[in-house]
Structure formats: C-alpha cells, structure tokens
Amino acid sequence: MNEDLRNIVLGVVAAGLAASLGWFARTYLWSRKLRRKQAFFGLPENSESLLVVGRDAGGPEFSVARNDVFSLLELSALIKDCGAHAQVITHDVAQQGFGERTEFCVGGPASNRRMAAHMHSLLPGIRVNVEPEPGPDRGAFQIGSERYRMEPGRTEYVVLARLTAGQGEEARPVFLFCGQRAITNQAATRYLARNHERLARKHGGNTFVLLLKVTNSQAYGADVVELVADVTRAAQTPLPAPKGGAHRAGAKD
C-alpha cells in the first residue's frame, strides 16, 4: 500500500469514526432530554394519562370551548412526544383519585367540576369568583392577600400548577390549567409546552403553582403570556372563609 492510498484509507476511517461518535453523542443527548421530559410530566414510555376538560359555559350541555380543544391538542402533542397515551374525558365522569396516572385538567372551576375539586383539596389558598352575575369581580382570583381581576380581551389571568400531593416519587403529577377564560387555558398549555425544560430545571419533580398573565388576547390570541409570580406557598396556605362576593373554587352555596 503506497502512501497516498494509506492516507485515503485513514481519512475514510477517521471520517467514519467521527460520524459514529457524533451519532452516538446526538442519540445520548436526545435520550437524556427525553428521559427528563418524561420524568417531569410523569409519562414513561407507553404509560397512560388523562385529559380532563370542562364544558363550554356558553354552549350546549356537552360542548367544549374552542380554545379548550386547542389546549387538548397542545397537550396531546406533549404526551405523544413522551411516547405515552392519552384518554380524553369530561369533568363529570372523572371519578377517581390522583397519582396513578398523569392528569391534565383544563378549565375553570365554574365549568370543570374536577378542577373545582382539585383546587378545593390541593390549593386552598386560591379563591375564584364563580358568580355568573356581571361585575368587576366576576372571574377574579384571590391568591393570598392579592386579587386579580380580568379585563376581557385585554388583561386576563390563569393558574398553571404541577401538583404531586406528596404521594412519593412514583406518584404521577396533576397539571392544572385554570384560567379566567378558555383562551387563557390555551395560553397556559402553550406556556408549558414552550418552557417545560426550564421549569423542570427549576422545580424538578416538585409541586409548583404559577400565576400567568395573558395580554391583549383580542389581538394576539394565546401568544402573549408573561409570568406574574410563583404563588406556590400562598396557594397552599388556606384563606379565611369568605364574607361574601367571591367564592372559593369548589365551595358549595
């Protein structure tokens, strides 16, 4: 073998080794990223999850708000990326505990009975005005000492939460998307889809409750979302019984 042929062979071998190492490195990084995503969402390969959706308060009895359908599509894509499966059910047939399967619950307590139950049990520090009468406090959130009123189409709020209920490392989380309007639910699912890696780095597998603000939805839809505050501690600290006006989510008259 002359010098030129040997150099060609060595070049081909080196190129093959470099390509193989690059492929293994990309595969390793992709696998690690996938495992972190699966751990954050509680969705190992071929696992089952629940998508719980409320009814459209302004539509027929069994209708779902258009923006809540978009929320389900956003979440379905996340679930599929994890290699898991989803079952879509309405709030009035979701009669089971939590921790066995990851749950994504979409909709405010006025239209989603399951959401009202979760907030009553797990987030006693959040009170939602579910009164149907028009007024400045309609749909308002009370979180600790702060009240967040909405201006429909201009400034609206949504709570995004990941809850584990302290049932151990093997328990599957519950994700809540509790907004003042259906478009804010979609904004929260989109925020989670875009920021889950950052949230996983910051919170790991722990509970967190975030308050998000949706700005000018009448012009920008669900795209302009900003984090107002991490309200985890306040959301888990029970509020005093209401004297009137706003009702705590899940409370009975």
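Residues numbered from 1 in each chain as written. Predicted model: local features only at pLDDT ≥ 70, side-chain atom pairs only at ≥ 80, totals over all residues. Heavy atoms only, no water.

1. Some remarks on helix α4 (residues 182–203)
Next up, step 1: Taking 1.5 Å of rise per residue, 22 residues should cover 32 Å, yet α4 covers just 26 Å from first to last C-alpha, more than 12% shy of that figure.
Next up, step 2: The largest bend in α4 is about 70 degrees, located at Asn-195.
Next up, step 3: Trailing α4 by a residue or two, Gly-204 shows a phi angle of about 60 degrees, which is positive. (Helix = DSSP H or I, 4+ residues; strand = E, 2+ residues; numbered from the N terminus. Expected span 1.5 Å × (residues − 1). Bend = angle between axes of the 7 residues up to and from the residue.)

2. Side note on the pattern of salt bridges
Next up, step 1: Enumeration according to the criterion identifies 10 salt bridges in this entry.
Next up, step 2: Between Glu-156 and Arg-181 there is a salt bridge whose closest N-O contact spans 2.4 Å. Remark: Arg-181 occurs in the loop between β8 (174–179) and α4 and Glu-156 occurs in strand β7 (residues 155–163); sequence separation between them is 25 residues.
Next up, step 3: Taking relative accessible area as the criterion, Arg-181 reaches 34% and is therefore assigned partly exposed.
Next up, step 4: Of the charged contacts in the structure, one is a salt bridge between Arg-190 and Asp-223, with a shortest N-O distance of 2.4 Å. (Salt bridge = Lys/Arg side-chain N within 4 Å of Asp/Glu carboxyl O. Buried < 20%, exposed > 50% of the residue type's maximum accessible area, 1.4 Å probe, protein only.)

3. Looking at helix α3 (residues 113–122)
Next up, step 1: Buried within α3 are the following residues: Arg-114, Met-115, Ala-116, His-118, Met-119 and Leu-122.
Next up, step 2: The secondary structure elements touched by the buried residues of α3 are β1 (48–53), β3 (102–106), β4 (126–128), β7, β8 and α6 (232–235).
Next up, step 3: Capping the start of α3 is the job of one residue whose side-chain oxygen sits 3.0 Å from the backbone nitrogen of Arg-114: Asn-112. (Contact = heavy atoms within 4.5 Å. Polar contact = N/O pair within 3.5 Å; in protein donor to acceptor, adjacent residues only side chain to side chain.)

4. Points about the packing of helix α2 (residues 66–81) against α4
Next up, step 1: Look at α2 against α4: their axes get within 7 Å of each other, and the N-to-C directions meet at 15 degrees. Taken together, the axis directions place α2 and α4 in an arrangement best described as roughly parallel. In the packing of α2 onto α4, the handedness of the crossing is left-handed. Contact with α2, carried on its side by Asn-67, Asp-68, Phe-70, Ser-71, Glu-74, Leu-75 and Leu-78, involves Ala-182, Ile-183, Asn-185, Gln-186, Thr-189, Arg-190, Ala-193 and His-196 of α4 and no other residues of that element. (Axes fitted to C-alpha atoms, helices over the stretch in contact; angles between N-to-C directions. Parallel < 35°, antiparallel > 145°, perpendicular 65-115°, else oblique. Left-handed = near helix turned anticlockwise from the far one by under 90°.)

5. With respect to the nonpolar core
Next up, step 1: Core analysis: the biggest nonpolar cluster contains 28 residues, and Phe-41, Phe-104, Phe-177 and Leu-192 have the highest contact counts within it.
Next up, step 2: Looking at this core, the elements that each hand over two or more residues are α1 (3–41), β1, α2, β3, β7, β8, α4 and β9 (208–215).
Next up, step 3: Examining the composition of this core, we find that six residues originate from one element, α4, more than from any other.
Next up, step 4: Apart from residues lying up to four places away in sequence, Phe-41 is in contact with Leu-78, Cys-82, Thr-102, Phe-104, Pro-173, Phe-175, Leu-192 and His-196.
Next up, step 5: Core analysis: the next-biggest nonpolar cluster, separate from the first, contains 24 residues, Leu-50, Tyr-148, Val-159 and Val-209 among them. (Core = buried A, V, L, I, M, F, W, Y, C linked by side-chain atoms within 4.5 Å.)

6. A closer look at the sheet that holds β4
Next up, step 1: Pairing within the open sheet is antiparallel, and its three strands lie in the order β4-β5-β6. Single-partner strands in this sheet number two, and they are β4 and β6 (146–148). Across the sheet, the mean angle from the axis of one strand to that of its neighbour is 20 degrees, orientation sign disregarded. (Pairing = 2+ DSSP bridges.)

7. Quick word on a positive patch on the surface
Next up, step 1: Where like charges cluster on the molecular surface, the positive patch consists of Arg-32, Arg-35, Arg-36, Arg-198, Arg-201 and Lys-202.
Next up, step 2: Every element with two or more residues in the positive patch is listed here: α1 and α4.
Next up, step 3: One can find Lys-202 in helix α4.
Next up, step 4: Classification of Lys-202 by relative accessible area gives exposed; the value is 57%. (Patch = residues over 30% accessible without salt bridge, like charges linked within 9 Å, V, L, I, M, F, W, Y side chains within 5 Å. Areas by Shrake-Rupley, 256 points an atom, 1.4 Å probe, with all protein chains shown as cover. Lys, Arg positive; Asp, Glu negative; His and termini not counted. Charge placed at Lys NZ, Arg CZ, Asp CG, Glu CD.)

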